[in-house]
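What follows is each chain in one-letter form.
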Amino acid sequence: MDQGMYPGNKRSNEDLSSGVNDNKRTRNLSSSRIEYRFLIAASDANAIFGRNGENFQSLRNKYHNLIDVSQLQTPERVLILFGDEEKAMTILADVLPMMAQNQGVRPGFVELRAMIHSSQAGAVIGKSGDRIKEFRQKYNLDTKVFPNPTPGDTTERILSLRGELPNIVECLKEVYAILDQTPIRGQIRNYDPSFYNGVDVERYGGFIENHDFQATRTRFNPNHQQNQQQIGGNYNNRGGNNHMNYPQNNGPMPTTTQVTIPHSLSACLIGPRGTRIAQIRQQSGCVIKFDDPLPSNDRIISIIGMPNNITQAQYLMQATVKQSQLWTNSTVAS
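- Going by an unreviewed UniProt entry, the protein carries the name K Homology domain-containing protein and comes from Rotaria socialis.

## A look at unusual backbone geometry
Here is step 1 of the chain: Backbone geometry places N140, a non-glycine residue, at a positive phi of 55°.
Here is step 2 of the chain: Position of N140 among the secondary structure elements: in the loop between α5 (130–139) and β5 (142–145).
Here is step 3 of the chain: When its relative accessible area of 62% is taken as the criterion, N140 is described as exposed.
Here is step 4 of the chain: Positioned with a positive phi, D153 is a non-glycine residue whose angle comes to about 55°.
Here is step 5 of the chain: Its place among the elements puts D153 in the loop between β5 and β6 (156–164).

## As for the pairing of strand β3 (residues 76–82)
Here is step 1 of the chain: Across the 7 residues that make up β3, a large majority, 7, are buried.
Here is step 2 of the chain: Burial of the side chains of β3 extends over both faces: E76, V78, I80 and F82 are buried on one face and R77, L79 and L81 on the other.
Here is step 3 of the chain: Inspection of the sheet shows strand β1 (residues 35–41) paired to β3 by 7 bridges, in the antiparallel sense. Bridging from a neighbouring strand, R37 pairs with I80 of β3.
Here is step 4 of the chain: As judged from the 3 bridges shared by strand β2 (residues 67–69) and β3, these two strands associate in the antiparallel manner.

## Some remarks on the pairing of strand β4 (residues 109–117)
Regular strands show a simple pattern: their side chains alternate between the two faces of the sheet.
Here is step 1 of the chain: The element β4 is extensively covered by neighbouring structure, given that 9 of its 9 residues are classed as buried.
Here is step 2 of the chain: In the sheet, β1 pairs with β4 via 2 bridges, with the strands oriented antiparallel. Bridge pairing links L39 to R113 in β4.
Here is step 3 of the chain: Sheet analysis places β4 next to β6, joined by 9 bridges and oriented antiparallel. Within β6, the position partnered with R113 by the bridge is S160.

Reading the values: the criteria
- Residues numbered from 1 in each chain as written.
- Predicted model: local features only at pLDDT ≥ 70, side-chain atom pairs only at ≥ 80, totals over all residues.
- Heavy atoms only, no water.
- Helix = DSSP H or I, 4+ residues; strand = E, 2+ residues; numbered from the N terminus.
- Buried < 20%, exposed > 50% of the residue type's maximum accessible area, 1.4 Å probe, protein only.
- Pairing = 2+ DSSP bridges.

Structure below.
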């Protein structure tokens, strides 16, 4: 496992390496360098590389090789910036517009996912979530620390920041100031994207194949109607009414339908590296989110979109489950 460092942890130039398992190299830097790690979607990595790698090479030349990106063929990559905070934030300010253009939400808007040590997550969240709420209000950002560590028995968790580019950088400066005052406890086991398996990306803050940044911006308020349905079996309605925070108009409004499946069927719906659920999302135009397994070993899936799109998503999900069961039965029979 990659043994990189975080803000607040310094190492000599003898120990400093890129921290990306598929592209290791020793860096001839001055002492007291710091490493800043970010989890990015493959499409963002491609935008940073640019055509024939021209953008990436230009950045490396401009900043004396103080930037690295893992190059494994997985839906998510690790972006690493080296140097003191001022230098790292300067590099980040050059990188974020490339990511924003790729994500295409709106001009100047970007989502960035910083990687922090699990033992420092509490300091960023604050007591009862007070500090993360303060970040939201102070910098006008969507902010979240995901509950699960990254895959592969690591000690990294994801801090997601979504908003205007300058606000992202300013918020990160405050986050890193907090981390500088919060010593890491325990071992450091950094995430290697080769451990990616497409499972529970919503719990650790990962990315699926062809990640839809428009979908991740969906927000809720307490007034949106929810419907409870099931794929096989009898399940109780969870109840509750919510209206999504969409502009009001005279047409139909998006709704949320919740379906319940046995947890054992999750893998066949998600597919290898999240490819099946990504295809269902793309074909139906819906946002589809998986909750954690219930004590009953069932799993609730929220499908968000226009009524016709939800119907299509349900059909595609049922067809996927049926096809998987037919394949399993035929395998057993043979």
